[in-house]
Amino acid sequence: MSGADTTRERAAPRKPGLSRRRKRALSRAVQYAVFVAAVAALAVTADWGRLRNQFAQGDLAGEMFPEIITLALRNTVLYTVSGFVFGLVLGMVVALMRLSSVGPYRWVAGVYIEIFRGLPALLIFIFVGVAVPLAFPGTEIPGGTYGKVALALGLVSAAYMAETIRAGIQAVPRGQMEAARSLGFSHARAMVSIIVPQAFRIVIPPLTNELVLLFKDSSLVLFLGVTLQERELAKYGRDLASTTANSTPILVAGLCYLLVTVPLGFVVRRLEAKAGEAK
Amino acid sequence: MSTRTRTADTARTADTVPEIEISGLHKSFGDNHVLRGIDLEIGTGEVVCVIGPSGSGKSTLLRCVNLLEEPTGGRVVVGGTELTDPDVDIDAVRRRIGMVFQQFNLFPHLTVTENLTLPQRRVLRRDKAEAARVAAENLQRVGLAEKADAYPSSLSGGQQQRVAIARALAMGPSVMLFDEPTSALDPELVGDVLAVMRMLADEGMTMMVVTHEMTFAREVADRVVFMDGGVVVEDGTPGQVIGSPAHERTRHFLSRLLDPAMAEVEEGRGGPGPG
Ligand SMILES: Nc1ncnc2c1ncn2[C@@H]1O[C@H](COP(=O)(O)OP(=O)(O)O)[C@@H](O)[C@H]1O
Ligand SMILES: [Mg+2]
């Protein structure tokens, strides 16, 4: 590598002035200098006392424990997982409909995907939380708030997961289905036993990524009326921030999100790297 | 290993029930009229090699025999069951027809043994022990018992193709279809696969083999069928079709194929059996 580099360097005709390598080094030095200056300016101008007071009140943060974990984080995880499971099942169904040889199945699945990918998740939360109860008085979504959140998150994520799963199924070589059919598998049985297991290996990284997105989207529960016991991280943080007139709870809630999303993101990248190797 | 050498009059077409009967078979892909009226009978225990230029419809013909392609016209009867009858249980018919593909198509997420047991369990509803026993027996037959727990990706192409043959055999088929089973293999791996196919032929399996391996066709086949442009141009013993072709198209095809290929065969490309 470096040998090749130096030969090229040597072979390059000498021009007057700075060499390309020197220019690059200089430009990098300038960028570092600007960065350091910006940080220094921020450090000098910021009102550190006020900021610490607003965002990092140790005793206030301490009071949030263990409830922010045992209640808020727990609810966030519950909402996310139930939404993910519902979305995965629905997404699987929609993906298979999208690939069906029966026209109407394909159309219904296509329309579903377009609608639910095109709408803001917030609108769907409002729809499930407000519009449905108004439109169908008396009908209860089973599971109360948990059911509503699972439904809203599931409806949104199913559209994305359906497209991911469909792409995964189509990435399995055609010969796999032909081999299975020639052994006497029915189309459905071949899908279940041969194609989908292979497709799932392909889509585990993007589905894990979807889990991260859902984890964040569960904060939209904020817009549903929830009881004290049903609060998740965002609402818990906000409520506490307004009662104490201090931003520390928001910061702590944010750290709780990162506690989950950063490791999950790391896992996704590892999985993607592994999938890339396998090819 | 004994090679079976047959003269023209030992070919068993006339005196046995046909295992495969194809009559007036047509297949079009849109405007592309690929098969233009194929008539072919293959007797029980017969080995028929199908040769012909690329694009002449050999794969399509083979795939019509187990309905991987839906014929647009004509009849296909296998083991007395008419496949082209809309009421036929195609999955049941396919269990009796093994198929081996050019690209092996092993299931990459399963071990070699699982590749053999899963179809038996799911399709034939065999119990675990029985499926495992049949799997081991067939891996033994193709000489790969020691690869039972390997994943397909760790095997050579020749080994993968032999596993694919074993997987088809584990279903207990009465007919085996081979679509250029050695075309994707490195030359030095071709012999092992051909040896397994020779063994099957010796055991009396009914076989329909699309191949460019002329040595194999000459030595193992009871009949050779030459296809061109979606029709059967010539159909006879290897001696007739390869040895003294009656049609100009056959001669042209063979001269183009044999000249370079024969040299390779002579230089040790052939199977382990006497050449
Ligand atoms: N699934 C398909 N869809 C459209 N055309 C096809 C399909 N399979 C084969 N064909 C066409 O049929 C013709 C014969 O193909 P094939 O049977 O594979 O020939 P061979 O095996 O003799 O090389 C080719 O022109 C090919 O393009
Ligand atoms: Mg072909």
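Please read all numbers here as calculations on a predicted model, not as lab measurements. (Residues numbered from 1 in each chain as written. Chains lettered and ligands numbered in written order. Predicted model: local features only at pLDDT ≥ 70, side-chain atom pairs only at ≥ 80, totals over all residues. Heavy atoms only, no water.)

A word on the overall build of chain A
To keep things clear, this is the line we draw: Counting from the N terminus, the helices are the DSSP runs of H or I reaching at least four residues and the strands are the DSSP runs of E reaching at least two. As defined in this context, the radius of gyration uses C-alpha atoms, and a globule is described by 2.2 Å times the residue total to the power 0.38. Summary of the burial criterion: residues with accessible area below 20% of their type's maximum are buried, those above 50% are exposed, and those between are partly exposed, where the area comes from a 1.4 Å probe applied to protein chains only. Only the protein chains shown count as cover for residues, and all accessible areas are computed by the Shrake-Rupley method using a 1.4 Å probe.
Counting secondary structure elements, chain A contains twelve helices and zero strands. Along chain A, helices and strands appear, N-terminal first, in the series α-α-α-α-α-α-α-α-α-α-α-α. Computed over its C-alpha atoms, the radius of gyration of chain A comes to 26 Å, more than 25% above the 19 Å expected for a compact globule of 279 residues. Principal axes of the C-alpha set define a box for chain A whose edges measure 75 × 60 × 30 Å. Put simply, chain A has 279 residues, and 38% of those count as buried. Carbon and sulfur atoms provide 67% of the accessible area of chain A, an area that totals close to 16,600 Å².

A word on the overall build of chain B
To keep it simple, the criterion reads: Between two residues, a contact is recorded if the distance between any of their heavy atoms is within 4.5 Å.
Helix and strand counts for chain B come out as nine helices and ten strands. Residue burial in chain B is summarised as follows: out of 275 residues, 55% are buried. Of all intrachain contacts in chain B linking residues separated by at least 6 positions in sequence, the fraction that spans at least 24 positions is 66%. Accessible area for chain B stands at about 11,300 Å²; split by element, carbon and sulfur atoms hold 47% of it.

A word on empty space enclosed by the protein
Threshold: We place a 1 Å grid over just the protein atoms. Points where a 1.4 Å probe fits but has no way out form a cavity, open points with protein on both sides within 12 Å along at least 5 of 7 lines form a pocket, and any residue with an atom within 4 Å of a point lines it. Grid points are joined across faces, edges and corners, and a volume is the space filled by probe spheres set on the points.
One pass over the structure, following the stated rule, counts one cavity of 30 Å³ or more. Roughly 40 Å³ of internal volume is contained in the largest cavity. Forming the boundary of the largest cavity are A179, S182 and L183 of chain A together with M99, F101, A164, R167 and A168 of chain B. Of all the secondary structure elements, the ones that give two or more residues to the lining of the largest cavity are α9 (174-182) of chain A together with α5 (157-169) of chain B.

What about the pattern of salt bridges?
Residue and element names in this part refer to chain B. Spelled out, the test is: Salt bridges are defined by distance alone: a side-chain nitrogen of Lys or Arg within 4 Å of a carboxyl oxygen of Asp or Glu.
Under the defined criterion, the tally for this structure stands at 20 salt bridges over all chains. For the salt bridge of E82 with R75, the shortest nitrogen-to-oxygen distance reads 2.9 Å. A salt bridge links R251 to E248, with the nearest nitrogen and oxygen atoms 3.5 Å apart. With a gap of three residues between them, R251 and E248 both fall in helix α9 (residues 248-269), about one helical turn apart. For R251, a relative accessible area of 38% puts it in the partly exposed group. Looking at E248, the relative accessible area reads 53%, which means it is exposed.

A short note on a nonpolar patch on the surface
Residues and elements named next belong to chain A. Using the following cut-off: Patch construction takes residues with relative accessible area above 30% that form no salt bridge. Like charges are linked within 9 Å, and nonpolar side chains (Val, Leu, Ile, Met, Phe, Trp, Tyr) are linked within 5 Å.
Side chains of W48, L51, F55, L251, L255, L258 and V262 sit close together on the surface and give an oily, nonpolar patch of about 650 Å² of accessible area. When you line up the elements, L251 lands in helix α12 (residues 248-278). Among the residues examined, L251 registers a relative accessible area of 39% and is labelled partly exposed.

Structural notes on the site of ligand 1
All names here are of chain B. Let me state the cut-off plainly: Nearness of a residue to a molecule or strand requires only that one of the residue's heavy atoms be within 4 Å of it. Three classes are used, and their members are as follows: Ala, Val, Leu, Ile, Met, Phe, Trp, Tyr, Cys and Pro are nonpolar, Asp, Glu, Lys and Arg are charged, and the others, Gly among them, are polar.
Surveying the vicinity of ligand 1 reveals the residues F29, N32, V34, P53, S54, G55, S56, G57, K58, S59, T60 and E69. Alone, ligand 1 offers 560 Å² of accessible surface; in the complex the protein occludes 61% of this. Of the residues assigned to the shell around ligand 1, the class counts are three nonpolar, seven polar and two charged.

A look at the sheet that holds strand β4 (residues 73-78) of chain B
Residues and elements named next belong to chain B. Rules: Paired strands, in this sense, are two strands between which DSSP finds at least two bridges. The axes are straight lines fitted to the C-alpha atoms, using for helices just the contacting stretch, and the angles between their N-to-C directions are given from 0 to 180°.
If you walk across this open sheet you meet the four strands as β2-β1-β4-β5, and the pairing is antiparallel. Edge positions in the sheet fall to β2 (32-43) and β5 (81-82), since each of these pairs with one other strand and no more. Sheet analysis places strand β1 (residues 18-29) next to β4, joined by five bridges and oriented antiparallel. Along β4, the bridge assignment pairs H26 with G73. Packing against the sheet, helix α1 (residues 58-65) makes contact with β1, β2 and β4, and its axis sits at approximately 120° to β1.

Describing the interface of chain A and chain B
Worth spelling out the cut-off: A simple way to read buried area is as the amount of 1.4 Å-probe accessible surface that goes missing from two parts once joined, with both sides added. Identification of polar contacts relies on pairs of N or O atoms within 3.5 Å, with a donor-acceptor requirement for protein atoms, meaning one able to donate a hydrogen and the other able to accept it, and with residues adjacent in sequence counted only if both atoms are side-chain atoms.
The partner chain B presents 22 residues to the 18 residues of chain A that form the contact. Carbon and sulfur atoms make up 59% of the surface buried where chain A meets chain B, a total of about 1,700 Å² over both sides. Counting the surface chain A buries against chain B, the share from its top three residues, E178, S182 and L183 of chain A, is 33%. Between E178 of chain A and R63 of chain B there is a salt bridge whose closest N-O contact spans 2.8 Å. Applying the counting criterion to the chain A and chain B interface returns six residue pairs in polar contact (both at pLDDT 80 or more). Among the secondary structure elements, those contributing two or more residues to the side of chain A that touches chain B are α9 and α10 (187-217) of chain A.

Side note on the nonpolar core
Let me state the cut-off plainly: Side-chain atoms within 4.5 Å are what join buried Ala, Val, Leu, Ile, Met, Phe, Trp, Tyr and Cys residues into a set we call a nonpolar core.
Membership of the largest hydrophobic core comes to 81 residues, with the highest contact counts inside it found for L61 and M208 of chain B. Among the elements that line this core, the one with the most residues is helix α8 (residues 144-171) of chain A, at eleven residues. Not counting the four nearest positions on each side in its chain, L61 of chain B is found in contact with I22, L25, L35, I38, L40, M208 and M227 of chain B. Listed in part, the 49 residues of the second largest apolar core include L155, M176, M207 and V209 of chain B.

A short note on unusual backbone geometry
A cis amide bond, omega 0°, links F65 of chain A with the succeeding residue P66 of chain A. Positioned with a positive phi, A245 of chain A is a non-glycine residue whose angle comes to about 50°. Note on placement: A245 of chain A falls in the loop between α11 (233-244) and α12. Its relative accessible area of 61% is what places A245 of chain A among the exposed residues. Of note in this structure, R125 of chain B is not a glycine but carries a positive phi near 60°.

Brief notes about the confidence of the model for chain A
All names here are of chain A. Operational definition: Known as pLDDT, the predictor's confidence for each residue is given on a scale from 0 to 100.
When the pLDDT values of chain A are averaged, the result is 87; 93% of them are 70 or greater. For chain A, the element scoring lowest by mean pLDDT is helix α1 (residues 2-11), at 46; α9 scores highest, at 96. Counting interchain partners and residues more than four positions distant, the pLDDT-below-50 stretch residues 1-9 has one contact.

So, the packing of α5 of chain B against helix α6 (residues 187-202) of chain B
Residues and elements named next belong to chain B. Which entries qualify depends on this criterion: What sets the label is the angle itself: under 35 degrees gives roughly parallel, over 145 gives roughly antiparallel, 65 to 115 gives roughly perpendicular, and the rest give oblique. Crossing handedness is read from the near helix: turned anticlockwise from the far helix by less than a right angle, it gives a left-handed crossing, and turned clockwise, a right-handed one.
Two numbers describe how α5 lies on α6: the axes approach to 8 Å, and their chain directions differ by 20°. One element, α5, and the other, α6, form an angle in the roughly parallel class. Seen from above, α5 lies across α6 with right-handed handedness. Together, G157, G158, Q161, R162, I165 and L169 of α5 and L189, D192, V193, V196, M197 and L200 of α6 make up the contact between the two elements. The residue makeup of the contact of α5 with α6, split by class, is seven nonpolar, three polar and two charged.

What to know about the confidence of the model for chain B
Residue and element names in this part refer to chain B. In the predicted model, chain B carries a mean pLDDT of 89, and the fraction of residues at 70 or more is 88%. For the stretch residues 1-14, pLDDT sits under 50, and the model shows 23 contacts to residues farther than four places along the chain or on other chains. The complex model carries a pTM of 0.80, and its ipTM stands at 0.87.

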